[in-house]
Amino acid sequence: QFGFNTLWTLVLTYPFMVGIQLVSARIGRVTGLGLAGNIRRAYPIWLLYTLVFLLLVANVVNISADIAAMGEAARLVAGAGSAHLYSFGFGMLCLVLQLLLPYSQYVRYLKWLTLGLLAYVATGFAIHIPWGEVLARTVKPHFAFTKESVAIVVAVFGTTISPYLFFWQASQEVEEIRADDDAHALRITASAAPEQLSRMKRDTVIGMGFSNAVAFFIMLTAAVTLGVSGVTNIQTSAQAAEALRPIAGDFAFWLFALGIAGTGLLAVPVLAGSAAYAVTESFHWRNGLDLKVQQARKFYGIIVLATLGGMLLDYAPIDPIEALVLSAQINGVIAVPVMAIMMLLAQNRKIMGAYTLSLRHRVLGWGGVGIMAAAVAAMFATL
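The shown structure was predicted, so the numbers you read here are calculated from the model rather than taken from an experiment.

A. A look at the overall build of the chain. Of regular secondary structure, the chain possesses 16 helices and zero strands. In terms of overall size, the chain behaves like a compact globule, its C-alpha atoms giving a radius of gyration of 20 Å where 383 residues would be expected to give roughly 21 Å. The dimensions of the chain, computed from C-alpha atoms along their principal axes, are 60 × 45 × 40 Å. Classification of the 383 residues of the chain by burial places 54% in the buried group. Residue pairs in contact within the chain that sit at least 24 positions apart in sequence constitute 80% of those at least 6 positions apart. Summing over all exposed atoms, the chain offers an accessible surface of approximately 17000 Å²; the carbon and sulfur share of this is 67%. Here the chain contributes 24 positively and 19 negatively charged side chains, and the mean placements of these two sets differ by 11 Å.

This is the structure:
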């Protein structure tokens, strides 16, 4: 709908994505506790429960939209069948893999699905793109301050600087400590700090760069094909793929369908897992993706409920694309208080000891809080 005029958001968010993800990783590695566990230590319990509830709602809606998108992509590729049936199959596949395989084994295969995201980049190079205009609009967009444009900016911010990623990142650092008998929280073993802090920085800079590059090409491909052709009212990923075929050809269609399936298979375990970490840490329940189901029944129970909730919501009369945008906007709203609390935690010497944030990290982190808060305030002001 907005052509090239939203590409600037990915340039703007990149440094703040890196900054806030480093904060969440740092909290997990330094304290040996996930984000919810640290919030519980420092703030009123009602605040933690409120944030976790909102996170859970947003994640379930997001899971539903991702599963629906995978089902529609499978129906398009197969040329027949029920999208709901395919969605059910994908949902059960994600659930069974999480329940039966230890995450350390599962992730070895899961990480290769990130290559599926390059399908969006390949689609971009399979079609004609006016790179001069793209660069101009990225650097100097024609941005109209309207209800629709501000809402979509909040959605973009909410799906890139997203609370579920904060909870996931911190918890994965804790998982790495648990998995290695020689590893400890940095507050206990200071000698490992330089190596670990350097690894986290390298990992986050590269990972967030990859993320934003893929997002850039998703926006770019949609703008130069669907947008230019006037196809702007998209309710499902199937409509997007079907509209793409006559414009960009079968090659782009297949790549787009592959990208949808790869993205969904990556996203669902992370969304369900981050919800499970947040809930179980809030109640001091045992958690961990490398534990067996019998060892962490409540943790895996949350994963099951979140995934099944998303699968059931897929049958509701809700537009999947609108649901995806809505969940992103909810994430954008939730992100403001969560980011602010994370920044305060990371500057608290009682929590972080000698590993509080440097001035540069504080500027990046609070800058991200300010930009997100301004976007959310603008969205509510234009409703």
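B. Structural context of the pattern of salt bridges. Inspection of the entire model under this criterion finds four salt bridges. The partner of arginine 199 in a salt bridge is glutamate 173, and the shortest N-O contact between them spans 2.8 Å. With a gap of 26 residues between them, arginine 199 in helix H10 (residues 193–227) and glutamate 173 in helix H9 (residues 163–179) connect regions that are remote in the sequence. The residues arginine 199 and glutamate 173 share a single accessibility class, namely buried. In this structure, arginine 199 and glutamate 176 form a salt bridge, with 4.0 Å as the shortest nitrogen-oxygen distance. With arginine 199 in helix H10 and glutamate 176 in helix H9, the pair connects residues that are 23 residues apart, well separated along the chain. Salt bridges linked by common partners bring Arg29, Glu173, Glu176 and Arg199 together as one network.

C. The layout of surface pockets, seen in detail. Of the pockets and cavities examined, the second largest pocket occupies roughly 210 Å³. The wall of the second largest pocket is formed by 14 residues, among which Leu33, Gly34, Arg178, Glu281 and Asn287 lie closest to the centre.

D. Broad picture of the packing of aromatic side chains. Scanning the entire structure with this criterion turns up seven aromatic pairs. Judged by centre distance (6.3 Å) and plane angle (70°), the ring pair of tryptophan 131 and phenylalanine 217 falls under edge-to-face. With tryptophan 131 in helix H7 (residues 131–139) and phenylalanine 217 in helix H10, this residue pair connects regions lying 86 residues apart in the sequence. Assessed through its relative accessible area of 39%, tryptophan 131 is described here as partly exposed. Note on phenylalanine 216 and phenylalanine 217: the rings are 6.1 Å apart at their centroids and 75° apart in plane angle, and the pair reads as edge-to-face. Each member of the pair, phenylalanine 216 as well as phenylalanine 217, carries the same accessibility label: buried.

E. Fine view of empty space enclosed by the protein. Within the structure shown, the criterion is met by two cavities of 30 Å³ or more. What the largest cavity holds in volume is close to 60 Å³. What lines the largest cavity is Ser64, Ala65, Ala68, Leu313, Asp314, Ala316, Ile318, Asp319, Pro320 and Ala323. For the lining of the largest cavity, the secondary-structure elements that each account for two or more residues are helix H3 (45–78) and helix H14 (320–346). Take the lining of the largest cavity: its biggest share by element is three residues, from H3. Residue classes in the lining of the largest cavity are distributed as seven nonpolar, one polar and two charged. Together, Thr13, Phe16, Phe157, Ile161, Gly368, Ile371 and Met372 line the second largest cavity.

Scoring rules and cut-offs
- Residues numbered from 1 in each chain as written.
- Predicted model: local features only at pLDDT ≥ 70, side-chain atom pairs only at ≥ 80, totals over all residues.
- Heavy atoms only, no water.
- Helix = DSSP H or I, 4+ residues; strand = E, 2+ residues; numbered from the N terminus.
- Rg over C-alpha atoms; globule rule 2.2 N^0.38 Å.
- Buried < 20%, exposed > 50% of the residue type's maximum accessible area, 1.4 Å probe, protein only.
- Contact = heavy atoms within 4.5 Å.
- Areas by Shrake-Rupley, 256 points an atom, 1.4 Å probe, with all protein chains shown as cover.
- Lys, Arg positive; Asp, Glu negative; His and termini not counted.
- Charge placed at Lys NZ, Arg CZ, Asp CG, Glu CD.
- Salt bridge = Lys/Arg side-chain N within 4 Å of Asp/Glu carboxyl O.
- 1 Å grid on protein atoms, 1.4 Å probe; cavity = no way out; pocket = protein on both sides within 12 Å on 5 of 7 lines; lining within 4 Å.
- Points joined across faces, edges and corners; volume = space filled by probe spheres on them.
- Phe/Tyr/Trp six-rings, centres within 6.5 Å; stacked < 30°, edge-to-face > 60°.
- Nonpolar A, V, L, I, M, F, W, Y, C, P; charged D, E, K, R; others polar.

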